[in-house]
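# Secondary and tertiary structure notes
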Amino acid sequence: MTEKSMTMQEMVAQLNRWAYEYYVLDDPSVPDTQYDALYDQLVLLEKQTGVVLPDSPTHRVGGEPLSSFHQHTHLKRLYSLDKVQSFGELREWVDKVERVLGRTEFTVELKYDGLTINVTYRDGVLVGAATRGNGVTGEDVTEQVKTIRSVPLVIPFKGACELQGEGIMRLSVLDRYNRAHPADTLKNARNAAAGAIRNLDPKVTAERSLDVVFYSNGYEEGLDVASQTELVEFLRGCGMRTNYVFEKAYTFEQIKAIIEKIGSQRSSYDFLIDGVVIKVNDFALRERLGYTDKFPKWAVAYKFDAEQVTTTLTDVEWQVGRTGKLTPIGKLEAVELCGATIRRATLNNYGDILRKRLKKDALVFLRRSNDVIPEVMGAAEEGGTDIPKPTHCPACGSPLQETGANLYCVNAEHCRPQIVARIAHYCSKHACDIEGLSDKTVELLVDRLGVHSVADLYSLTEADLSPLFVQGDKESKKARNVVLAIEKSKQVPLAQFIFALGLDNVGTVTARDLAARFGSVEALSAATVEQLQAIEGIGEVVAEGIVQYFSESQNREILRRLGEIGIDPRYTVRTAQGAFVGKKVVLTGSLSRYTRSQAAALIEQRGGEIASSVSKSVNLVIVGEDAGSKLDKARALGIEIADEEAFEQMLRD
Ligand SMILES: [Zn+2]
């Protein structure tokens, strides 16, 4: 058959077959020129007849830009996966599955690092595509996804179905794109893919030559697949690209061996991965395991170690904190790491700079794991210039004092960043919880209203505060609310007040212990190092810091003034009776009528002890909305669980 005599259906079928060979199988059977010639012929025929078949490749070029994205509600919720970061955690997960199912067949696949999309087919035609969004609704990106040639426009299956895949840009494609667009290079394949799909102009998506790798199904009508293996066969039968790695395993050791192999080959892949996904193969067995509030229990993502890159340390800036401690902040030549652009990273202290042999204008190793702040690991080359040790405070010019590995500005009373940070800390949520005073507002209080210590807050009036807020209908209301919030803070519980004072090394837990032991600020201020050290968890350094704080005249003066204002909280003695006596309690999820600290205080007042994580020694877990893994763990350990209503009943008991 010559190409001239082909029908439109035949042309479309031929072009799609060639495209499938090229884009999915990576094995073209004809040169590009032959494809282009037939494609041009089809375009002409479509123009002449005004007919465009639903699977015509001419749909791929991308239509007009959209003005905004519509929301798409997925027919079935898309779950995200629970994560493990070590083989120990992975073994626990496998054990948990095997406790329920016995010997189990697992599948092991790559976890591509791109943008998850959900595509909808009806009557065999691609009718929609959306981003994952929050799992329930996402952005409608149908026009964008239609341009991706490895996503079939028609499939043989005629029932309605939603299928999920990861939109990615292959590294070779990224490289080619960057060579063709030297003025406008893309730095990171993941961001390039996500940015292309979430671009209002479908032509941009088309230009980036993305791929979608399919791996999961959601809603379906009559799709007869009973396992991941069968699903992959189905997807391949639809002409879709599926996971580059698809292996089966029956034991933890086998899974581990596959992961190690993937880890060793990872850098040779033509795409980014950030881990490996392990699933129970059989769908019926998956149902037996079920879901937590957030995750399926039958799958887990093993995340690879943090990514590491090198970049140049261009300068070091010294920040002065609440206690006068100087923290060096490394300024870096912008670098992409785990999908984010990094320009700054903390260097901890001067001792750390020496230990890591960091030099200015020299390469350093930078590491980041998922959501953790980036960290400079060490020098990556010899050379560069020494980073001078500052001798004077960059903010107030006072000579610095060296204590251990740290440098301190001891001009506590007049060094602006210290004053601002102390007041901001006093107002913060776990301290006096004064709403409406952000760090920026505190700076204004200091700079424009001459607020010098936390005691000055209590003489502020609405008239003082109004000019600080953006003019408009709400400014006076905002000022009034701040005055009310300041007033309310006079009732702060002792533990929060001790924390609010901002003593060096005294966090919320230590503050609570101090409140329970001493009962008032006055008693605490008279405590000796020995008395303090008698408290579990308080060492010599912390104890000496506390004694030092109360020995300083400016601190005593602030406490005296706060006392005059009426702030002198007392520790409420725990009653020996109540529902929580002798109980170790964990709070998880959000309660509708209590903040977490309020609930914790109520429990403690009734003789309970708050723990932060679920373990065998915990007696009770109180569960609010959106409780996560703690709830699962509590269930697994058979610990008593109470919802908000039951909690309130306990408070009344
Ligand atoms: Zn200073």
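Residues numbered from 1 in each chain as written. Predicted model: local features only at pLDDT ≥ 70, side-chain atom pairs only at ≥ 80, totals over all residues. Heavy atoms only, no water.

Moving on, we come to the overall build of the protein chain. Looking only at helices and strands, one finds 24 helices and 23 strands in the protein chain. In terms of principal-axis extent, the alpha carbons of the protein chain reach across some 100 × 60 × 55 Å. When burial is assessed residue by residue, the protein chain has 47% of its 653 residues classed as buried. Summed over all atoms, the accessible surface of the protein chain reaches about 32600 Å², with 48% contributed by carbon and sulfur. The positive charge centre, built from 78 side chains, and the negative charge centre, built from 91, are 2 Å apart in the protein chain. (Helix = DSSP H or I, 4+ residues; strand = E, 2+ residues; numbered from the N terminus. Buried < 20%, exposed > 50% of the residue type's maximum accessible area, 1.4 Å probe, protein only. Areas by Shrake-Rupley, 256 points an atom, 1.4 Å probe, with all protein chains shown as cover. Lys, Arg positive; Asp, Glu negative; His and termini not counted. Charge placed at Lys NZ, Arg CZ, Asp CG, Glu CD.)

This part takes up the domain arrangement of the protein chain. When the parts of a complex come together, some accessible area is lost, and that lost area is often used as the size of the interface. We note that the domain assignment places domain 1 (3-61), domain 2 (83-303), domain 3 (307-408), domain 4 (416-491), domain 5 (494-565) and domain 6 (584-652) within the protein chain. Each of domain 4 and domain 5 was reduced to a C-alpha centroid, and the two centroids are 24 Å apart. Residue-level contacts link 12 residues of domain 4 with 10 residues of domain 5. Interface area for domain 4 against domain 5, summed over the two sides, is near 1000 Å², with a carbon-plus-sulfur share of 68%. Run the count over domain 4 and domain 5 and you get 1 salt bridge. Our count for the contact surface shared by domain 4 and domain 5 stands at 3 residue pairs in polar contact (both at pLDDT 80 or more). A breakdown of the residues in the side of domain 4 that touches domain 5 according to their chemical character gives 6 nonpolar, 3 polar and 3 charged. (Domains from an automatic or database assignment. Contact = heavy atoms within 4.5 Å. Buried area = accessible area lost by both parts, 1.4 Å probe. Salt bridge = Lys/Arg side-chain N within 4 Å of Asp/Glu carboxyl O. Polar contact = N/O pair within 3.5 Å; in protein donor to acceptor, adjacent residues only side chain to side chain. Nonpolar A, V, L, I, M, F, W, Y, C, P; charged D, E, K, R; others polar.)

The next point concerns the coordination of the zinc ion. Octahedral metals with six donors have ideal donor angles of 90 or 180 degrees. Tetrahedral metals with four donors have an ideal donor angle of 109.5 degrees. Here the zinc ion is held by the protein donor atoms C393 (SG), C396 (SG), C409 (SG) and C415 (SG), which lie 2.2 to 2.3 Å from it. Bound by 4 donor atoms, the zinc ion shows angles of 99 to 116° at the metal and therefore tetrahedral coordination geometry. (Donors = N, O, S within 2.8 Å, 3.2 Å for Na, K, Ca; no water. Tetrahedral: all angles 85-135°; square planar, octahedral: opposite > 155°, others 65-115°.)

Residue position: T528 is located in the loop between α18 (521-525) and α19 (529-533). The exposure class of T528 is partly exposed, given its relative accessible area of 33%. Taking the C-alpha atoms as reference points, T528 and A543, separated by 15 residues in sequence, lie 8.1 Å from one another.

A separate point is the nonpolar core. Counting 55 residues, the largest nonpolar core has Y426, L457, F497 and L514 as its most contacted members. Looking at this core, the elements that each hand over two or more residues are α12 (416-427), α13 (439-449), α15 (475-488), α16 (494-500), α17 (508-518), α18, α20 (540-551) and α21 (553-565). When residues of this core are assigned to domains, at least three fall in each of domain 4 (416-491) and domain 5 (494-565). Those residues in contact with F497, other than ones at most four positions away along the chain, are Y426, C432, V492, V521, L559, L562, I567 and P569. By size, the runner-up hydrophobic cluster in this structure holds 38 residues, among which are V119, A189, A193 and V225. (Core = buried A, V, L, I, M, F, W, Y, C linked by side-chain atoms within 4.5 Å.)

The next point concerns the sheet that holds strand β7 (residues 161-168). Pairing between the strands of a sheet is mediated by backbone hydrogen bonds and can be parallel or antiparallel. Judged by pairing direction, the sheet is mixed, and its 5 strands sit side by side in the order β5-β4-β7-β8-β9 without closing on themselves. Only two strands of the sheet have a single partner each, and these edge strands are β5 (125-131) and β9 (241-242). As paired elements, strand β4 (residues 115-122) and β7 share 7 bridges and run antiparallel to each other. What sits directly across from N118, in β7, is Q164. Packing of helix α8 (residues 228-237) onto the sheet brings it into contact with β7, β8 (211-220) and β9, and relative to β8 it is tilted by some 120°. (Pairing = 2+ DSSP bridges. Axes fitted to C-alpha atoms, helices over the stretch in contact; angles between N-to-C directions.)

This paragraph deals with the pairing of β8. Judged by how many residues are buried, β8 sits mostly within the fold: 7 of 10 residues are covered. By the bridge criterion, 7 bridges tie β7 to β8 in an arrangement that is antiparallel. Bridging across to β8, G165 finds its partner in F214. Here β8 pairs with β9 via 2 bridges, running parallel. Residue pairing for β9: V213 is matched across the bridge by R241.

Glancing now at unusual backbone geometry. With the exception of glycine, the majority of residues adopt a negative phi angle, and the majority of peptide bonds are in the trans configuration. Even without being glycine, S209 reaches a positive phi, approximately 50°. Within the secondary structure layout, S209 lies in the loop between α7 (202-207) and β8. Positive phi outside glycine occurs at D361, with the angle close to 60°.

On to the sheet that holds strand β12 (residues 299-303), then. Judged by pairing direction, the sheet is mixed, and its 5 strands sit side by side in the order β2-β12-β11-β3-β10 without closing on themselves. Two strands in the sheet have a free side with no partner beyond their single neighbour: β2 (83-84) and β10 (246-249). Judged from the 2 bridges that link them, β2 and β12 form a sheet pairing that is parallel. Looking at β12, one finds that K83 is bridged to A301. Each of β3 (106-112), β10, β11 (273-280) and β12 touches helix α9 (residues 252-265); the most contacted strand, β10, lies at about 155° to it.

This paragraph deals with the packing of helix α1 (residues 8-23) against helix α2 (residues 32-49). The contact between α1 and α2 brings their axes to 10 Å, and the two run at 145°. Handedness of the α1/α2 crossing: left-handed. Counting all contacts with α1, which are made through M8, M11, V12, Q14, L15, W18, A19 and Y22, the residues of α2 involved are D32, Q34, Y35, L38, Y39, Q41, L42, L45, E46 and T49. When its residues are assigned to classes, the contact of α1 with α2 shows 12 nonpolar, 4 polar and 2 charged. (Left-handed = near helix turned anticlockwise from the far one by under 90°.)

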